[in-house]
Amino acid sequence: MPRWKELPSDLPEREQRLLVQLRRLKDRSDLGLAALAAKTSYSRSSWERYLNGKQPVPRGAVEELARVCGADPTRLLVLHEVAMERVPAVSGDSGASGGADAGADADAGTGAGGGAGGGRTEGAGGSGQSGEESGRPAPPTPFSPSSAASASSVAGDPPDARPAPSRRLVPLRYALAGAAVSAVAAFSGGLLVAPAEEAETPSVQTYGPGRTYDCATGRKDGLAYAGHSVTTEALIDINGNGRDVVEAQCLLRRHGFDPGEIDGLYGPGTKAAVKTFQAARQLVEDGIVGPDTWGELRR
């Protein structure tokens, strides 16, 4: 099995999770980069850049990799959408976009249409000449005090007759930003990865600095079980915490790989133990506990 280069340390955690899954899918297919280039519309050098975190992976590349490897692309595409989200940019750009739209509207209202508000008379209830002459209706415009006043003066309507439905544009943007934040939070907490498993194990302990936990020695449904979590899918990386981390630490110790204190905190000591364990089991040595590593830990 080829040894992957370690992903860049400054690569966001969400993109690391996506690349780990893409690497594992490629390894299972036994396809080399040259074979991927032959079976997809992306070159060998492109695949090398994508899978080593040098360049963001396009959505099309994710779909084609899943297709040639015979895998369901749904989960990979969800990870891709989360990895490619730029939540701060969405939130911060809403005001800027609104300002740019308002500027563009003002230019359209005072441009070649022939006078202020010439392209807006249709929205105010009149029939503007610019829309009729071009043979197509004027596009809907976001509300602004200047554009409403101009439209009202041209159509002869009082200021109170200005259109109001476009006010919903701003709340919609904030709603989209909130949805993106919720999706990221759900993946960070493992809610979208294994909801059924999380429901089976209610949270009854508080995990945090200064606490340590006991490890049970037993099996559940034929798999090794340390008494804290039954997950086999959750992704855990540096700075993670919670009962899944405690379970992974206990199972590492059971297999003879000491993670340090069993405290539910995924720190450098635990990550080093995971890398050593992955090397011993011939897995990708990325220090991230995912489905393949869980499979070996649960033996």
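Before any of the text, the structure's been laid out above.
Residues numbered from 1 in each chain as written. Predicted model: local features only at pLDDT ≥ 70, side-chain atom pairs only at ≥ 80, totals over all residues. Heavy atoms only, no water.

Brief notes about the state of the cysteines
Convention followed: For this text, the term disulfide refers to a pair of cysteine sulfurs within 2.5 Å. For the purposes of this entry, the term helix denotes a DSSP run of H or I that reaches at least four residues, the term strand denotes a run of E that reaches at least two, and both are numbered from the N terminus. Three labels apply to residues, based on accessible area from a 1.4 Å probe with only protein chains included: buried if under 20% of the type maximum, exposed if over 50%, partly exposed otherwise in between.
All chains considered together, the criterion is met by one disulfide. A disulfide bridge connects C215 with C250, and the sulfur atoms are separated by 2.0 Å. For the disulfide bridge between C215 and C250, the dihedral angle about the S-S bond is near -75°, and by the sign convention the bridge is left-handed. Linking C215 in the loop between α10 (195–200) and β1 (218–220) with C250 in helix α11 (residues 243–254), this pair joins segments that are 35 residues apart in sequence. Residue classification places C215 among the partly exposed positions, given a relative accessible area of 31%. With a relative accessible area of 4%, C250 lands in the buried category.

Brief notes about the packing of aromatic side chains
The test is simple: Within 6.5 Å between ring centres, the rings of Phe, Tyr and Trp (the latter by its six-membered ring) count as paired, and their orientation is classed by plane angle as stacked under 30 degrees, edge-to-face over 60, tilted in between.
Taken as a whole, this structure holds four aromatic pairs when the rule is applied. Note on Y42 and Y50: the rings are 5.9 Å apart at their centroids and 75° apart in plane angle, and the pair reads as edge-to-face. For the pair shown, Y42 and Y50 are each scored as buried. Where F257 meets F277, the ring centres are 5.3 Å apart and the plane angle is 85°; that geometry is what we call edge-to-face. Of the two residues, F257 is situated in the loop between α11 and α12 (268–280) and F277 in helix α12; the sequence distance between them amounts to 20 residues. Exposure class is identical for F257 and F277. Each is buried. Each residue in the set Y42, W47 and Y50 is aromatic and connected to the rest through ring pairs, giving one cluster.

Overview of the pattern of salt bridges
Going by this rule: For this document, the term salt bridge refers to a Lys or Arg side-chain nitrogen within 4 Å of an Asp or Glu carboxyl oxygen.
The final tally for this structure, using the stated rule, is 15 salt bridges. The shortest N-O distance in the salt bridge between E64 and R67 comes to 3.7 Å. Of this pair, E64 and R67 both sit in helix α4 (residues 59–69), three residues apart, which is roughly one turn of the helix. Overlapping salt bridges, with partners in common, bring together R24, R28, D286 and D292 in one network.

Here's the deal with the environment of H255
Rule in force here: Contact definition: two residues touch when any of their heavy atoms are within 4.5 Å. Side-chain atoms alone can form a polar contact between residues adjacent in sequence; in general such a contact is a pair of N or O atoms within 3.5 Å, and within protein one must be able to donate a hydrogen while the other accepts it.
Here H255 shows up in the loop between α11 and α12. Put simply, H255 and R298 are 43 residues apart on the chain and 9.8 Å apart in space, counted from C-alpha to C-alpha. Setting aside residues no more than four positions away along its own chain, H255 makes contact with F277, R281, E296, L297 and R299. In terms of polar contacts, H255 uses its side chain to reach the backbone carbonyl oxygen of L297, at 2.9 Å.

Interpretation in functional terms is not warranted from these geometric data alone.
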